[in-house]
Structure formats: structure tokens, C-alpha cells
Amino acid sequence: MAENISQRYELRLRAHPRILADIRRAVGARLRLWGREELISAAGMCVTELLSNVHKHAASPECVLTLENLPHGIQAAVSDTESALPVVKEPDFLSESGRGMFLLSKTAHGWGTDLTPTGKTVWFTLRAEAVEP
């Protein structure tokens, strides 16, 4: 009998640089469970960027990371209490920061933001290479 594995994963956390490696491992473990190994590297980079933005720009580090296994890939989202939306800037590659949303926009197959009653959600999708659109 097949095990019923949830196709949705939610993690409430406090965004801080010292937990990012643990979060990347948790994302990788969930994607392996779903058979989405080919998306682990890209998902880890994109989730790290979203959580780094919460740490740097939101008044509160409290946020929720959600992963969903979809028929053609995954969707990840980070919800926080800040209503200011992220901005994709042309990167200054000599700068120490400011490239994250640019890299996310070039890595993810789609991304966007949704304002919520308590702040915003920033999401991205990654398509599995083995699945034709």
C-alpha cells in the first residue's frame, strides 16, 4: 500500500542567517521525499533569498515558508508581516548585496507577490525538467 505523503509542507520560523543552512536541508529533504531532486539546488537558493529579505527588510523576522508539490514542479512561498514589496534591480556584481531577487527572477520559472491582510506573500515556481509544459 502506498504511503500518503502530504503534497504541502509548512514551516513557521524566525528568519535569520544562522538558520538558512538548516532550512535549505529541510527544503532538500522535502523535495527528495516528493521525488523532485533536480529542483533542490534552485529551490534552496530561491528560499534562501526570500528568507534573507525577511531578515533584512521586514520589521519582524516571523514568517511562514510553504512548499507545494504540483503536477509540473513545485511552488514555494514566504509570507511575512511587511507590506513593502521586493524590487528586482539590475545587479551591481561588485556589491556585497542586492542581487538576490534578480537571481531568483532568472532562476524561477515564475514568481510574484500577493498582498495579504497581515503583510505579503512572495512566491516562486520551479518546473521539473522531466515534465513537458
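Residues numbered from 1 in each chain as written. Predicted model: local features only at pLDDT ≥ 70, side-chain atom pairs only at ≥ 80, totals over all residues. Heavy atoms only, no water.

Caption draft 1: Summary view of the nonpolar core. If you look at the biggest cluster of nonpolar residues, it comprises 29 residues, and the most contacted ones within it are Val27, Leu31, Val47, Leu51, Leu65 and Phe124. Secondary structure elements with two or more residues in this core: strand S1 (8-14), helix H1 (20-33), helix H2 (40-57), strand S2 (62-70), strand S3 (73-80), helix H3 (100-107) and strand S5 (119-127). Top contributing element to this core by residue count: H2, with seven residues. Not counting residues up to four positions away in its chain, the partners in contact with Val27 are Ala43, Val47, Leu65 and Leu67. (Core = buried A, V, L, I, M, F, W, Y, C linked by side-chain atoms within 4.5 Å. Buried < 20%, exposed > 50% of the residue type's maximum accessible area, 1.4 Å probe, protein only. Helix = DSSP H or I, 4+ residues; strand = E, 2+ residues; numbered from the N terminus. Contact = heavy atoms within 4.5 Å.)

Caption draft 2: Region of the structure containing the sheet that holds S1. Strand order in this open sheet of five strands is S1-S2-S3-S5-S4, and the pairing throughout is antiparallel. This sheet does not close on itself; its edge strands, each paired only once, are S1 and strand S4 (110-116). Averaged over all adjacent pairs, the angle separating strand axes in this sheet is 15°, with direction ignored. One ladder, built from eight bridges, connects S3 with S5; its direction is antiparallel. The residue of S5 that forms the bridge with Ala76 is Phe124. Those strands touched by H2 are S1, S2, S3 and S5, and its axis lies near 170° from that of S5. (Pairing = 2+ DSSP bridges. Axes fitted to C-alpha atoms, helices over the stretch in contact; angles between N-to-C directions.)

Caption draft 3: Up close: the pairing of S2. Examined bridge by bridge, S1 and S2 share seven bridges and lie antiparallel to one another. From the neighbouring strand, Leu13 faces S2, where its bridge partner is Cys63.

Caption draft 4: Quick peek at the packing of H1 against H2. Two numbers describe how H1 lies on H2: the axes approach to 9 Å, and their chain directions differ by 140°. Here H1 lies oblique to H2, going by the angle between them. H2 is crossed by H1, and the crossing has right-handed handedness. Mapping the contact onto sequence places Leu20, Ile23, Arg24, Val27, Gly28, Leu31 and Arg32 in H1 and Ile40, Ala43, Gly44, Val47, Thr48, Leu51 and Ser52 in H2. Looking at side-chain class alone, the contact of H1 with H2 contains eight nonpolar, four polar and two charged residues. (Parallel < 35°, antiparallel > 145°, perpendicular 65-115°, else oblique. Left-handed = near helix turned anticlockwise from the far one by under 90°. Nonpolar A, V, L, I, M, F, W, Y, C, P; charged D, E, K, R; others polar.)

Caption draft 5: Main features of the packing of H2 against H3. At a minimum axis distance of 10 Å, the contact between H2 and H3 shows a crossing angle of 145°. The crossing of H2 and H3 is left-handed. Of H3, the residues touching H2 (which contributes Ala42, Met45, Cys46, Glu49, Leu50 and Asn53) are Gly100, Met101, Leu103, Leu104 and Thr107. Among the residues making up the contact of H2 with H3, the classes are represented as seven nonpolar, three polar and one charged.

Caption draft 6: Region of the structure containing the environment of Arg14. As for its position among the elements, Arg14 is in strand S1. For Arg14, a relative accessible area of 51% puts it in the exposed group. Spatially, the C-alpha atoms of Arg14 and Pro61 are 4.8 Å apart, while their sequence positions differ by 47 residues. Not counting the four nearest positions on each side in its chain, Arg14 is found in contact with Ile19, Pro61 and Glu62.

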